[in-house]
Amino acid sequence: MNNKNKPKNTLDTIKTYIVIALVVLIGLGIIMSIISATEHYWKEFAISLSITIVLIVVTCPLAYEGDVYECPKCGHKFRVNPYIVFFTNGILRTFDFDGEPMKYAKLKCPHCHTKDWCKRHWKQR
């Protein structure tokens, strides 16, 4: 069966919409921070930047929860801390050139200790 035709869990769909809403709020927070900094409103800058950082800390585990990565060398499947994946790929490398989410992350395998581009398997629980 093709993964695109696979029926989704209702909670996964709701969580996806929550992550999208949080990412939009993060973008608005960054824009507000830039505007506040250029206008020299330092209190508003500090507040909007701190709210943006809190939203990033909350959104990161929701976006990568349940993902399993496979080592290309030994084939070992493992889970990894969502913050490691976020900072490995970076916020600008979240999507491929095709507009699809990244299928690989440069991670260190806990089994063979090789750092390579590990394949992402979506939401295996």
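This section reports on the structure supplied with the text. (Residues numbered from 1 in each chain as written. Predicted model: local features only at pLDDT ≥ 70, side-chain atom pairs only at ≥ 80, totals over all residues. Heavy atoms only, no water.)

This paragraph deals with the overall build of the chain. The helix and strand tally for the chain stands at three helices and four strands. Moving toward the C terminus, one meets the helices and strands of the chain in the order α-α-β-β-α-β-β. Looking at the chain as a whole, 26% of its 125 residues qualify as buried. Total accessible area on the chain stands at roughly 9000 Å², and carbon and sulfur atoms take up 66% of it. (Helix = DSSP H or I, 4+ residues; strand = E, 2+ residues; numbered from the N terminus. Buried < 20%, exposed > 50% of the residue type's maximum accessible area, 1.4 Å probe, protein only. Areas by Shrake-Rupley, 256 points an atom, 1.4 Å probe, with all protein chains shown as cover.)

Moving on, we get to the pairing of strand β4 (residues 115–121). Note: strand β1 (residues 68–70) against β4, three bridges, orientation antiparallel. Of the residues in β4, the one forming a bridge with valine 68 is histidine 121. Here five bridges tie strand β3 (residues 104–108) to β4, and the two strands are oriented antiparallel to one another. The residue of β4 that forms the bridge with tyrosine 104 is lysine 119. Linking β3 back to β4 in an antiparallel pair, the connection comprises six residues, with histidine 113 at a positive phi of about 60 degrees. (Pairing = 2+ DSSP bridges.)

Okay, the nonpolar core next. Of all hydrophobic cores here, the largest spans eleven residues; its members are Cys60, Tyr64, Tyr69, Cys71, Phe78, Val85, Phe86, Ala105, Leu107, Cys109 and Cys118. Only α2 (42–64), α3 (82–89) and β3 provide two or more residues apiece to this core. In this structure, leucine 107 is in contact with Tyr69, Phe78, Val80, Ile84, Val85, Thr88, Thr114, Lys115, Asp116 and Cys118, ignoring residues within four places of it in sequence. (Core = buried A, V, L, I, M, F, W, Y, C linked by side-chain atoms within 4.5 Å. Contact = heavy atoms within 4.5 Å.)

On to the pattern of salt bridges. Tallied over the full model, the rule gives one salt bridge. As a salt-bridge pair, aspartate 67 and arginine 120 come within 2.4 Å of each other at their nearest N and O atoms. Here arginine 120 lies in strand β4 and aspartate 67 lies in the loop between α2 and β1, a separation of 53 residues in the sequence. The two residues aspartate 67 and arginine 120 agree in class, both being buried. (Salt bridge = Lys/Arg side-chain N within 4 Å of Asp/Glu carboxyl O.)

Here we come to the packing of helix α1 (residues 10–38) against α2. Packing of α1 against α2 brings their axes to within 8 Å, and their N-to-C directions diverge by 155 degrees. Judged by the angle between their axes, α1 and α2 are roughly antiparallel. As for the relative orientation of α1 and α2, their crossing is left-handed in sense. Residues that form the contact of α1 with α2 fall into these classes: 17 nonpolar, six polar and two charged. (Axes fitted to C-alpha atoms, helices over the stretch in contact; angles between N-to-C directions. Parallel < 35°, antiparallel > 145°, perpendicular 65-115°, else oblique. Left-handed = near helix turned anticlockwise from the far one by under 90°. Nonpolar A, V, L, I, M, F, W, Y, C, P; charged D, E, K, R; others polar.)

Here the focus is the sheet that holds β4. Taken in spatial order, the four strands make up an open sheet running β2-β1-β4-β3, and their pairing is antiparallel. Each edge of the open sheet is held by one strand with a lone partner, namely β2 (77–78) and β3. Where β1 and β2 come together, two bridges link them in antiparallel fashion. Residue glutamate 70 lies in a different strand from β2, and its bridge partner there is lysine 77.

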